[in-house]
2 protein chains.
Amino acid sequence: MSKQKPSVARGTRDFGPSVMAKRNYILDTIKAVFQKFGFAELQTPAIENLNTLMGKYGEEGDQLLFKILNSGPFADKLTPEERALDSKALTFKISEKGLKYDLTVPFARYVAMNRGEIAFPFKRYQVQPVWRADRPQKGRYREFYQCDADVVGTKSLFCEVEILAMLQEVFQALNISVAVKMNNRKILTGISEVAGAQGQEATLAVAIDKLDKIGQEAVLAELATKGFSNEALEKLNPIFTVSGDIAQRLAFFKNYLSSSETGMLGVQEIESVLEMSKAYGVNLDFLDLDITLARGLSYYTGAIFEVKVLDVAMGSISGGGRYDNLTDLFGLPDVSGVGISFGVDRIYDVLDELDQFPTQAQKGTQALLANFDEATSTQVFQLLAQLRSQGIASEVYPELSKLKKQIEYASKRNIPYFLMIGSEEAANGQVQLKNMLTGEQSKVGIDEVAQNLLLN
Amino acid sequence: MSKQKPSVARGTRDFGPSVMAKRNYILDTIKAVFQKFGFAELQTPAIENLNTLMGKYGEEGDQLLFKILNSGPFADKLTPEERALDSKALTFKISEKGLKYDLTVPFARYVAMNRGEIAFPFKRYQVQPVWRADRPQKGRYREFYQCDADVVGTKSLFCEVEILAMLQEVFQALNISVAVKMNNRKILTGISEVAGAQGQEATLAVAIDKLDKIGQEAVLAELATKGFSNEALEKLNPIFTVSGDIAQRLAFFKNYLSSSETGMLGVQEIESVLEMSKAYGVNLDFLDLDITLARGLSYYTGAIFEVKVLDVAMGSISGGGRYDNLTDLFGLPDVSGVGISFGVDRIYDVLDELDQFPTQAQKGTQALLANFDEATSTQVFQLLAQLRSQGIASEVYPELSKLKKQIEYASKRNIPYFLMIGSEEAANGQVQLKNMLTGEQSKVGIDEVAQNLLLN
């Protein structure tokens, strides 16, 4: 075996101890909220059968699936004709499994497979890595975590309220100021109906979603090229000039959409969510209605959510919505659900940029015990055992060596306390306690060390 | 897209909510001990470059690696000759990445890559899935978790003491009675030297490891077929009849191995570990010396550990040892380390068989609030928000429906409390509180609900 210069696979990352501590702070915060709201954890395998994954993410998604080579002598039974196939056709002769692309499709598979066991409504959260054979670039990885919570098996709009409440709690706990945009696909459907472009809401949504970036003229021009008539474009005009607060804009749409049953239902759904949010006590200051929000329209059937950070320029850090046909593909129709997904990597970057990770998020070992005098090692070992029994993460420097080296080690590891027991301390039942941050040093009784550390 | 009967890939598993709660109980218990001992978490990617993985696990291991098909048109540039290659040779033309096979090799890669940043001794733990293209069978999966802690960068035998202390703490916390066997590879080396079969310790170990199963005669017969002389076998005889406690057996080996420097060092190492364990306060009642223990001998260079459960017939549930050359393959020589690995799936099976998961390990939502009277829904929502703000995981049944259905749901979900606010309760600021376990029902003031739940 030759020595090799080690590297990680392109688009993947190691998470070393200090990064892990910060990631765990984010994930633990989110999980605690999920649990308080009654969501239970699910984990599905990294490996799924390709027929579970293929065709669920569009053609581009199929290409971005990581496929796993069949194990054993996968090529031995291939005919010469099969060996000559192009890459795409050959893939299915030599690969039956892939790495999961998101958490949603495996969740749908799980629900369909376990429909008889599950008590519906089913609230589950899932925090696991997913894989995409994307071209890696800044902030885009081939292996990354998704962090999702979904309720399936109920159309109750109170689930939407709970999503708003969870967003509020999570970002309050993380101390990140956010704006939440909400829309409802039924409103987009209604708008296309009012404009006389039934069934064209997908085209409408794709164009209108760019309003912020390209402006009204360009949106209308794009729609014209996609077959919207002048009359239809005329009818769309009012929606670009709606203003006022949420109530005022809803009043406008109640009028504008009055000829569309679906559109009116969308308005009512939003009103119900707002009303119940108020009853529950969600502070709606962070909420805005954005009828241009379309995020994965092909998928959502009701509410659509998106969360942006206020203090950092960054794409959305969370998003979700209601869907009606998630498990349909796996033979289980009529399971409506609503979900929210947190972008862990982006939240990490936001907290990093704002320098807002609390020190407790970086808390590791609290005390390093010096190991410099064999004569006192029994006392040192006993103190170590005692500190741990009191729940204090602590270590002894494992080798007898110079104090300087050991202090440097404590410093490099960000361990806040350095404890020494020399012969004099051992004789008096004492410990030298050095605060690594202030440099202060004091003698304390051996039984009072834990107390001293816990106080600080 | 056609509807399909969903299934998981062979050898993989979903972990639903109740299983996850139990798995988390095990993993959280182990992680808490790791952290108290100063180990910090590391995560490495699932995907590694094949050249990181190949050649590290023997020829069988290479075959059991899951290989990932190169993305994009992987076959387009293959020559006709390459397309005709056998499976093994073709693999390396169409695959450059694989799924990690264990946590140890990626850890070694990480250490070698980050040698400049790491403060040695480096104590890390890692709890992640690994993948092996093994034939699935009862208790053997293709995707399973490993749970490892290692210290690298020191030869200090106190690290071995800490492993014994961690084993004691973990299994005490999990309430599992275990026996820990310890050996030292240097003793096996010494025995082969004393027998005049230098460098044959691997053969010796493989044979002697079977002593329990096949007996002394068969072990000696196997060694004879492997080229051990009659004289050598004669010299081995005494080791089969050693008896007494650890001290007595160590005394025997001190005499028996006196001509082997390495063997004597092995005895001394064990003595040091025992002595320091006593000073630290490890209760050594669970420890035995087993010179037949060889577990991955090609790898270990010092201490070897193995843990068996006392009350359930089951293979080892934990094991580890010291190695000297882990990072050598990645160009970083002379990094000694010692590690321990916990078999999460087997520990799960033990706790399940003994029915010893604590109820707190299955604790999910504590209270379900009934939703049967629209007139009181504001009070219900407010109570829900209040309970959550007091840290109590709670839910409201999201749809207005019959109480019977809602109580059945609480029962199926194992939610211990069912809370109802009808018009009478709403008027009096009260809540009907039903204990789902006892069936008891009582009225309590709306502000005292949390207190009542927390008391129980």
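Preceding this section is the structure that the text describes.
These figures come from a predicted structure and were not determined experimentally.

S.K.: Can you help me understand the pattern of salt bridges in this one?
M.R.: Two side chains that carry opposite charge are able to pair once their charged atoms sit near each other. All names here are of chain A. Across all of its chains, the model carries 46 salt bridges over all chains by this definition. Of the charged contacts, one joins Lys 181 and Asp 290 as a salt bridge, the two residues approaching to 3.3 Å between their closest N and O atoms. With Lys 181 in strand β7 (residues 178–184) and Asp 290 in the loop between β8 (287–289) and β9 (303–309), the pair connects residues that are 109 residues apart, well separated along the chain. Owing to a relative accessible area of 13%, Asp 290 belongs among the buried residues under this scheme.

S.K.: I tried to follow the interface of chain B and chain A on my own but got confused; where do I start?
M.R.: Interface extent is often summarised as the accessible area lost during association of the parts. Facing 104 residues of chain B, the contacting portion of chain A comprises 104 residues. Summed over both sides, the interface of chain B with chain A buries roughly 8,500 Å², with 58% coming from carbon and sulfur. Glu 162 of chain B is paired through a salt bridge with Arg 388 of chain A; the nearest N and O atoms lie 2.5 Å apart. Between chain B and chain A we count 41 residue pairs in polar contact (both at pLDDT 80 or more) in total. Of the residues forming the side of chain B that touches chain A, the biggest block, six residues, is contributed by helix α15 (residues 377–389) of chain B. Tallied by class, residues from the side of chain B that touches chain A come to 51 nonpolar, 29 polar and 24 charged.

S.K.: So what exactly am I meant to see when it comes to the packing of aromatic side chains here?
M.R.: Two measures describe an aromatic ring pair: the distance that separates the ring centres and the angle between the ring planes. Residues and elements named next belong to chain A. Under the defined criterion, the tally for this structure stands at 34 aromatic pairs over all chains. Here Phe 34 and Phe 342 contribute two aromatic rings whose centre-to-centre distance is 5.8 Å and whose plane-to-plane angle is 55°, an arrangement assigned as tilted. Residue Phe 34 is located in helix α1 (residues 17–36), and its partner Phe 342 is located in strand β11 (residues 337–342); the two are separated by 308 residues in the primary sequence. Taken individually, Phe 34 and Phe 342 each receive the classification buried, so the pair is uniform in this respect. Taking 5.4 Å as the distance between ring centres and 20° as the angle between the ring planes, the aromatic pair formed by Phe 252 and Tyr 256 counts as stacked. Residue Phe 252 and its partner Tyr 256 are both found in helix α12 (residues 246–256); the two are separated by four residues, about one turn of the helix. Its relative accessible area of 12% is what places Tyr 256 among the buried residues.

S.K.: Help me out: how do you make sense of the nonpolar core in this one?
M.R.: Grouped burial of nonpolar side chains is what soluble globular proteins tend to show. Within the largest apolar cluster, 102 residues are counted, with the highest numbers of intra-cluster contacts made by Phe 171 and Leu 236 of chain A. It is helix α7 (residues 158–173) of chain A that provides the largest number of residues to this core, a total of 10 residues. Look past the residues within four positions of Phe 171 of chain A in its chain and what remains in contact with it is Ile 176, Val 178, Val 307, Ile 317, Ser 318, Phe 342 and Ile 347 of chain A. In terms of nonpolar packing, the next biggest core, distinct from the first, is built from 101 residues, Leu 383 of chain A together with Ala 149, Val 194 and Leu 257 of chain B among them.

S.K.: Could you clarify how one ought to interpret the relation of the copies chain B and chain A in this entry?
M.R.: Both copies of the chain are placed relative to one another by a rotation about an axis and a shift along it. Between chain B and chain A, which share one sequence, the superposing operator has a rotation angle of 180° and an axial displacement of 0.0 Å; the RMSD is 0.1 Å. Such values leave the two copies arranged in the relation of a two-fold axis. Using C-alpha coordinates, one finds that chain B approaches the rotation axis most closely at Ile 68 of chain B, a distance of 2.2 Å. Taken together, the interface assignments show that 100% of the residues at the interface of chain B recur at the interface of chain A, consistent with an identical surface on both copies.

S.K.: Which parts of the structure should I look at to understand the sheet that holds strand β14 (residues 417–420) of chain A?
M.R.: Strand pairs in the sheet, formed through backbone hydrogen bonds, run parallel or antiparallel to each other. Residues and elements named next belong to chain A. One open sheet holds the five strands; their spatial order is β13-β12-β14-β15-β16, and the pairing between them is mixed. Of all the strands in the sheet, the pair left with one neighbour each is β13 (394–396) and β16 (441–445). Each strand axis lies, on average, 25° off the axis of its neighbour in the sheet, ignoring direction. Sheet topology note: the strand β12 (residues 367–369)/β14 ladder contains three bridges and is parallel.

S.K.: How should I be thinking about helix α1 (residues 17–36) of chain B in this particular structure?
M.R.: One turn of the α-helix equals 3.6 residues, which is why residues spaced by three or four share an orientation. All names here are of chain B. Under the 1.5 Å per step criterion, the end-to-end length of α1 is 28 Å for 20 residues, consistent within 8% with the ideal 28 Å. Taken together, the buried positions of α1 are Met 20, Lys 22, Arg 23, Tyr 25, Ile 26, Leu 27, Thr 29, Ile 30, Val 33, Phe 34 and Lys 36. In the segment just after α1, Gly 38 is the residue with positive phi, at about 90°.

S.K.: Help me understand the environment of Leu 42 of chain A in this model?
M.R.: Summarising the element assignment, Leu 42 of chain A is placed in the loop between β1 (40–41) and β2 (47–49). Each C-alpha atom of the pair Leu 42 of chain A and Ala 149 of chain A lies 9.9 Å from the other, and the pair is 107 residues apart in sequence. The residues contacting Leu 42 of chain A, other than those within four sequence positions of it, are Phe 107, Tyr 110, Arg 124, Tyr 125, Gln 126 and Gln 128 of chain A together with Phe 15, Gly 16 and Met 20 of chain B.

Here is what the cut-offs are and how they apply
Residues numbered from 1 in each chain as written. Chains lettered and ligands numbered in written order. Predicted model: local features only at pLDDT ≥ 70, side-chain atom pairs only at ≥ 80, totals over all residues. Heavy atoms only, no water. Salt bridge = Lys/Arg side-chain N within 4 Å of Asp/Glu carboxyl O. Helix = DSSP H or I, 4+ residues; strand = E, 2+ residues; numbered from the N terminus. Buried < 20%, exposed > 50% of the residue type's maximum accessible area, 1.4 Å probe, protein only. Contact = heavy atoms within 4.5 Å. Buried area = accessible area lost by both parts, 1.4 Å probe. Polar contact = N/O pair within 3.5 Å; in protein donor to acceptor, adjacent residues only side chain to side chain. Nonpolar A, V, L, I, M, F, W, Y, C, P; charged D, E, K, R; others polar. Phe/Tyr/Trp six-rings, centres within 6.5 Å; stacked < 30°, edge-to-face > 60°. Core = buried A, V, L, I, M, F, W, Y, C linked by side-chain atoms within 4.5 Å. Least-squares fit on C-alpha atoms with pLDDT ≥ 70 in both. Pairing = 2+ DSSP bridges. Axes fitted to C-alpha atoms, helices over the stretch in contact; angles between N-to-C directions. Expected span 1.5 Å × (residues − 1).

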